[in-house]
Every structure is written in structure tokens, then in C-alpha cells.
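Residue strings, one per chain:
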Amino acid sequence: MELKHLSKITDPFSATETMPLLFVGHGSPMNAIEQNEFATGWQQTARNLPTPSAILCISAHWETRGTFITAMEKPKTIHDFGGFPQALFDVEYPAPGNPVLAETAQNLITSTEAKLDKAWGLDHGCWSVIKHMYPNADIPVLEMSMDFTQSPQWHYNLAKELATLRQKGVLIIGSGNIVHNLRTIDWRNPNGGFDWAVEANEKMKRSILNNEHHSLINYHTLGTEMRLAIPTPEHYIPLLYTLGLKTENEAVSIFNDKTVMGSISMASVKIGG
């Protein structure tokens, strides 16, 4: 690595203890404006974390051809949904960005050409959760996109290249849902799940807690309930970024563990800390 790149890693952010990792099940955009059990879980988790110097979020809602990192001073709040109350569209989360950190992350990635982006912002997979965790919007937030042309193994491996950021106070968050099948949603069952969804959720939790990452990367081989739980990969891949950054002896815990509307799991994962 060139000296100028190394200085960008060491200078802007002082060394810290290794920051924990999170995967959050973000669910409905309405969770952003409701003080429900999931918001409470995010808030309680944040209170038990070291205060981050910055946040890097990998959201289910930013898929691209190639890998991009937001690099603007003031990322916009993106309202990437429809059919919800005006109060949700009125939400702004004015967290700053950090172009220096964006370039640092870019330089850490060597397996692909990561590009800096000044057009995206913070989508609801990111801000709907972080606004509960850090309501003052005073911690810089970046997003990194997911290259939809790549395999689960590729994303898991790419995550490892970001490990240095954990020693610089950066909280890395994957945001999606481990069970996410909108085609089978049951609006009449807000507090329960189909049998296959519950089974898939339990199977994934066991694999997460037992560090069975190989099976989670190859989820498509794990049976019918997993294929129903993950009909498309975008809400699942953020979990692999979180797992890819885990070191061997770090503790793992599950919170917000509930299956809702038949086919959405809100299960979230904390690693370390």
C-alpha cells in the first residue's frame, strides 16, 4: 500500500478498541417513525456500543453494477418507497458524510475498483434504523453499495478488506432482513410468521450463532424454506458483510428476533462488544 494511502488510514481517525458489528433487520419503512419494539431494540443496542467516529452502512436498498461509496459532505435523505403516510416522507436525517473516510475505505478495497459516489445519499434501509440509534444525526454516515453482479462468496470476501475500519472507531452495519419475501406477505398477521419463515429464521440463527458461515454463504442449498425466505438476495447479502468481518473468537448475539407479516424476519445480529 502506498504511503499516502496509509496516512489516510492512520491520520483522520485515531486508533480505538475494535468496534462491534451489526446486522439489523430493518423491515417496514414505518419503523422509522414508530416507537415500537424494534426501535426500542435498536436504541438499547446503541446505548451499549462505544460511540462511533463514523458509520458505514451496507443497505439492501443500494444495488449497483460495481461497488460505490458515498463521498459527499452532506448526504441527502432518500425516501425510496411509496404508498406511506406523508409523515414518513417528511423525515429528514441530516447526518454529515465524510469524504476522507470514503477515500480511506476505497483504498482498503483491493479486490475490485471501488468508486466514490456523490449522487446517492442515505436510503431508508440506512436512516430508518440509524435515526433511532443516533437521533442527533451528529455522527458521519456513509453507505457502500452492493454489486448485484457478484456472488454471495464475493461479498463475504470483500467485507474482510474493510476490517481496518473497525480499529478506527467505525461502526459497520449491514441492513436488510434474513427472511424477506414480499410476494407472500400476510398483512393480517402483523405479529407472526408462516411455518416456513419461522423454520428458515431458526435455521439461519443457529448457523449464525455456530459460526457456520459456509452454509450461510451457500444458503440456496439449504432447502425449500430457505429459497422461500430469500427469493432475491438483496436483503440477505448485508448479513454476509457483517459475518465476513467477524473475527474467530468474537461473541455473537441475536436481538429483535421476531417474524412479522408472515414472511419478514426482524432478527438482528450483534458481533463483538
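The structure contained in this document is the topic of the report that follows. (Residues numbered from 1 in each chain as written. Predicted model: local features only at pLDDT ≥ 70, side-chain atom pairs only at ≥ 80, totals over all residues. Heavy atoms only, no water.)

### Observations regarding the packing of aromatic side chains
Within the structure shown, the criterion is met by six aromatic pairs. Seen in terms of ring centroids, Phe-81 and Phe-84 are 5.7 Å apart; in terms of plane orientation they differ by 80°. Their pairing is edge-to-face. The class of Phe-84 is partly exposed, set by a relative accessible area of 29%. When the ring of Phe-194 is compared with that of Trp-196, the centres are 6.0 Å apart and the planes differ by 20°; the resulting orientation is stacked. Residue Phe-194 is classed as partly exposed on the basis of its relative accessible area of 27%. By the ring-pair criterion, three or more aromatic residues cluster together here, those being Phe-81, Phe-84, Phe-89 and Trp-127. (Phe/Tyr/Trp six-rings, centres within 6.5 Å; stacked < 30°, edge-to-face > 60°. Buried < 20%, exposed > 50% of the residue type's maximum accessible area, 1.4 Å probe, protein only.)

### Regarding the environment of Ala-200
Within the fold, Ala-200 resides in helix α7 (residues 195–209). With a relative accessible area of 0%, Ala-200 lands in the buried category. In the structure, Ala-200 is positioned 22 residues away from Leu-222 in sequence and 9.2 Å away in space, judged by C-alpha atoms. Contact partners of Ala-200, with chain neighbours within four places excluded, come to Val-179, Glu-225, Met-226 and Ala-229. (Helix = DSSP H or I, 4+ residues; strand = E, 2+ residues; numbered from the N terminus. Contact = heavy atoms within 4.5 Å.)

### Considerations on the layout of surface pockets
Of the volumes computed, that of the largest pocket is approximately 280 Å³. Taken together, 18 residues form the lining of the largest pocket, with Gly-27, Ser-28, Pro-29, Phe-84 and Leu-182 sitting closest to its centre. A per-class count over the lining of the largest pocket returns nine nonpolar, eight polar and one charged. Taken as a whole, the second largest pocket encloses approximately 190 Å³ of empty space. (1 Å grid on protein atoms, 1.4 Å probe; cavity = no way out; pocket = protein on both sides within 12 Å on 5 of 7 lines; lining within 4 Å. Points joined across faces, edges and corners; volume = space filled by probe spheres on them. Nonpolar A, V, L, I, M, F, W, Y, C, P; charged D, E, K, R; others polar.)

### A short note on the sheet that holds strand β12 (residues 268–271)
Spatially, six strands are ordered β6-β2-β8-β1-β12-β9 in an open sheet, and the strand pairing comes out mixed. Two strands lie at the open edges of the sheet, namely β6 (141–143) and β9 (252–255), each paired on one side alone. The sheet shows a mean angle of 20° between the axes of neighbouring strands, taken without regard to direction. Here helix α10 (residues 237–244) sits on the sheet in contact with β1 (21–25), β2 (54–59), β8 (170–176) and β12, set at roughly 165° to β1. (Pairing = 2+ DSSP bridges. Axes fitted to C-alpha atoms, helices over the stretch in contact; angles between N-to-C directions.)

### A word on the packing of helix α6 (residues 152–160) against α10
Viewed as axis vectors pointing N to C, α6 and α10 meet at an angle of 40°, and their least axial separation amounts to 7 Å. As summarised for this structure, α6 and α10 are arranged oblique, according to the angle between their axes. In the packing of α6 onto α10, the handedness of the crossing is right-handed. From α6, Pro-152, Trp-154, His-155, Tyr-156, Leu-158, Ala-159 and Lys-160 reach across to α10, where they touch Ile-237, Leu-240, Tyr-241, Leu-243 and Gly-244. Counted by class, the contact of α6 with α10 contains nine nonpolar, two polar and one charged residues. (Parallel < 35°, antiparallel > 145°, perpendicular 65-115°, else oblique. Left-handed = near helix turned anticlockwise from the far one by under 90°.)

In short, the description is geometric, and any link to function would need to be established separately.
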